[in-house]
Amino acid sequence: MKKVVSFSGGRTSAYLCKVMIDKFGKDNVDFIYMDTGAEHPETYEFIRKVDSYFGLNLVCLRGDFSRPLGKGVYYNVVDINDIKQDLKPFKEMASKYGIPYTGGMFCTDRMKLKPFKKYCDDTYGKGNYETCLGIRADEPKRLVGDNKNKNLSVYKQLKIDGLNDDAISLLYVNARENIKEINQWGISDLSKALLIKRIDHLNEQNLNHLAEVCNYEKQEIVTHWSKMPFDLGIDEWLGNCIFCPKKSNLKLAAAQRDEPKHYHDFISLITFT
């Protein structure tokens, strides 16, 4: 089964590329980047440097929103030198589906998840590839799931059972290797059922995470890049889409302060789309 890394453009995701090459060999892994056109210019430079340094032969995609509503999202393969902060994919997505909002953040689904899946299904065939995401061992909420729109959250139930974040991540990794491991942890039947459901879903999607192949946490990854010939030269609050509404108000305010031109460009886009 083909292994595919979904490269987000950040340090953790870039480190995942290195780990996958070291573990499985460059010829056995493909690397794909989904461009929203809303990243910081330094992120695009970092992506190009990672691609060149590790020889990723990175496939860069942008969503194709030209089809009528009800016909789904497609994708365009673009050259790595053509990914840039031009807001074009975001504008085309918003023109078709409307402006994403708190409680309705469909932009990730439309600009990243659906085009990525469509490309992989076309390229490898449905069910013939395994996707790996850059989610670390110190991100237990993202590993086990913490859906704020539902009453039953795996993460919250495990916390109620008395597990700390380190234990939750370790339980998750062990359970991915052998689901019977959950019986050794003394957690409630509800937590077991929710965790099994989560893992079954991930297995059905052939979806894995950095935490399952490497136990590096955030500071270790930051230290790794500080020793490399290049690094991602932006502050944390400028990562991913610069003005993503999923960021805290404090991070958005810091991004507005640091990048006023990009802020005005983004506001103009969502005001007049």
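Above this text sits the structure in question.
These lines cover the structure that appears in this document, whether it is placed above or below.

Turning next to the packing of aromatic side chains. Counted under the stated rule, the structure contains 15 aromatic pairs. Their ring planes at 65 degrees and their centres at 5.5 Å tell us that Tyr 53 and Phe 230 sit as a pair that is edge-to-face. Linking Tyr 53 in helix H2 (residues 41–54) with Phe 230 in the loop between helix H9 (218–226) and helix H10 (249–258), this pair joins segments that are 177 residues apart in sequence. You can call Phe 230 buried: its relative accessible area is 10%. Feature note: the residues Phe 46, Tyr 53, Phe 54, Trp 225 and Phe 230 constitute an aromatic cluster, connected by ring pairs. When the ring centre of Phe 24 is taken as reference, the NZ or CZ atom of Lys 3 above it lies at 4.5 Å. We note Arg 110 situated over the ring of Tyr 97; from NZ or CZ to the ring centre the distance is 4.5 Å.

Inside soluble globular proteins, nonpolar side chains tend to come together where they are buried. Core analysis: the biggest nonpolar cluster contains 50 residues, and Phe 31, Ile 47, Val 50, Leu 56, Leu 58 and Trp 225 have the highest contact counts within it. Mapped by element, the contributors of at least two residues to this core are strand E1 (2–7), helix H1 (11–24), strand E2 (29–34), H2, helix H3 (88–97), helix H4 (107–124), H9 and helix H11 (260–272). Looking at this core element by element, the count peaks at seven residues for H1. Sequence-distant contacts of Phe 31, defined by excluding residues within four places in its chain, comprise Val 5, Cys 17, Ile 21, Leu 56, Asn 57, Leu 58 and Val 59. Formed by 22 residues, the second largest nonpolar core is a distinct cluster that contains Leu 163, Tyr 172, Ile 182 and Leu 194.

Criteria and thresholds
Residues numbered from 1 in each chain as written. Predicted model: local features only at pLDDT ≥ 70, side-chain atom pairs only at ≥ 80, totals over all residues. Heavy atoms only, no water. Phe/Tyr/Trp six-rings, centres within 6.5 Å; stacked < 30°, edge-to-face > 60°. Helix = DSSP H or I, 4+ residues; strand = E, 2+ residues; numbered from the N terminus. Buried < 20%, exposed > 50% of the residue type's maximum accessible area, 1.4 Å probe, protein only. Lys NZ or Arg CZ within 6 Å of the ring centre and 35° of its normal. Core = buried A, V, L, I, M, F, W, Y, C linked by side-chain atoms within 4.5 Å. Contact = heavy atoms within 4.5 Å.

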